[in-house]
Amino acid sequence: MVNTEIRVIYGDTDQMGVVYYANYLRYFEAGRNEFIRAKGLRYRDFEEQHRLLLPVVEAHVSYRTPARYDDLLTVETALVEARRASARFGYRIVRGGELVVTGHTVHACVDRDGKVQRMPRELLERLSAGEALADLP
């Protein structure tokens, strides 16, 4: 699991002063990028080297309590499942130990024409190195 800290900026909040619901997907993306980076990879390099993409094909967010402007959030990101042509990442967002949001995203492995491809063995090995597949959502 990799932790990423995010400070809520004013522009991330809505008229009620809480984080706009869709921004949690951006926080998931930040956590996922840092997870991949912590595994010694850069998504941009993966795209260039393998000529493959990992688009989100499913996203789920469960909101527990609102986050507000200037809150310091920790995005906990883990690889939940790795399959031949997809990967599922789980997320927990906490504020000072309090659970704010849980969720997951599923990513298909596709070529530049959008055709499903097998996940490169190197990628699967790097992503799962040192990971016990987590029981995050």
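See above for the structure.
Cut-offs used in this document
Each chain has its residues counted from 1, following the order in which its sequence is written. Selection of residues for local features in this predicted model requires a pLDDT of at least 70, selection of side-chain atom pairs for listing and counting requires 80 or more, and totals for whole chains, interfaces and linings are taken over all residues. Excluded from the side-chain calculation are hydrogens and water; included are all heavy atoms of the structure. Numbering of helices and strands runs from the N terminus, with a helix taken as a DSSP run of H or I at least four residues long and a strand as a DSSP run of E at least two residues long. Within these notes, the globule rule equals 2.2 Å times the number of residues to the 0.38 power, and the radius of gyration is based on C-alpha atoms. Only protein chains enter the accessibility calculation, which uses a 1.4 Å probe. A residue is then buried if its area is under 20% of the maximum for its type, exposed if over 50%, and partly exposed in between. Whether two residues are in contact is decided by their heavy atoms, any of which lying within 4.5 Å being enough. Accessible surface is estimated by sampling points in the Shrake-Rupley manner with a 1.4 Å probe; for residues, cover comes only from the protein chains shown. All tallies of charge rest on Lys and Arg as positive and Asp and Glu as negative; His and the ends of each chain are not included. Taken as the charge centre is NZ of Lys, CZ of Arg, CG of Asp or CD of Glu, depending on the residue. Here a pair means two rings of Phe, Tyr or Trp (six-membered ring of Trp) with centres within 6.5 Å. Their orientation is stacked below 30 degrees between planes, edge-to-face above 60, and tilted elsewhere. Throughout, the protein atoms alone are placed on a 1 Å grid, and a set of points is a cavity if a 1.4 Å probe fits but cannot get out or a pocket if it is open with protein on both sides within 12 Å along at least five of seven lines; lining residues have an atom within 4 Å of a point. Grid points are joined across faces, edges and corners, and a volume is the space filled by probe spheres set on the points.

(A) Representation of the overall build of the protein chain in the model. Per the secondary structure count, the protein chain includes 3 helices and 7 strands. In sequence order, the protein chain lays out its α and β elements as β-α-α-β-β-β-β-β-β-α. Computed over its C-alpha atoms, the radius of gyration of the protein chain comes to 15 Å, within 12% of the 14 Å expected for a compact globule of 137 residues. In terms of overall dimensions, the protein chain has C-alpha extents of about 45 × 30 × 20 Å along its principal axes. Counting all 137 residues of the protein chain, 43% fall into the buried class. Looking at the protein chain alone, contacts between residues at least 24 apart form 68% of all its contacts between residues at least 6 apart. For the protein chain, the exposed surface amounts to about 7,800 Å²; the carbon and sulfur share of it is 46%. Where the 20 positive side-chain charges of the protein chain centre and where its 20 negative ones centre are 4 Å apart.

(B) Representation of the environment of alanine 22. Turning to its location among the elements, alanine 22 is positioned in the loop between strand S1 (2-7) and helix H1 (23-38). In this structure, the C-alpha to C-alpha distance between alanine 22 and glutamate 122, residues 100 residues apart in sequence, is 32 Å.

(C) Just the packing of aromatic side chains, in detail. Taken as a whole, this structure holds 7 aromatic pairs when the rule is applied. Both rings, one in tyrosine 24 and one in tyrosine 27, keep their centres 5.7 Å apart while their planes meet at 85 degrees; by these two values the pair is edge-to-face. Of the two residues, tyrosine 24 and tyrosine 27 are both situated in helix H1; the distance of 3 residues between them amounts to about one turn of the helix. A residue is classified by how much of its surface remains accessible, and tyrosine 24, at 3% relative accessible area, is buried. Chaining the aromatic ring pairs together yields one cluster made of Tyr24, Tyr27 and Tyr63.

(D) Quick look at empty space enclosed by the protein. Following the criterion strictly, the structure yields 1 cavity of 30 Å³ or more and no others. What the largest cavity holds in volume is close to 30 Å³. As for the largest cavity, its lining consists of Ile36, Tyr43, Phe46, Leu54, Leu123 and Leu127. Contributions of two or more residues to the lining of the largest cavity are made by helix H2 (43-50) and helix H3 (121-128).

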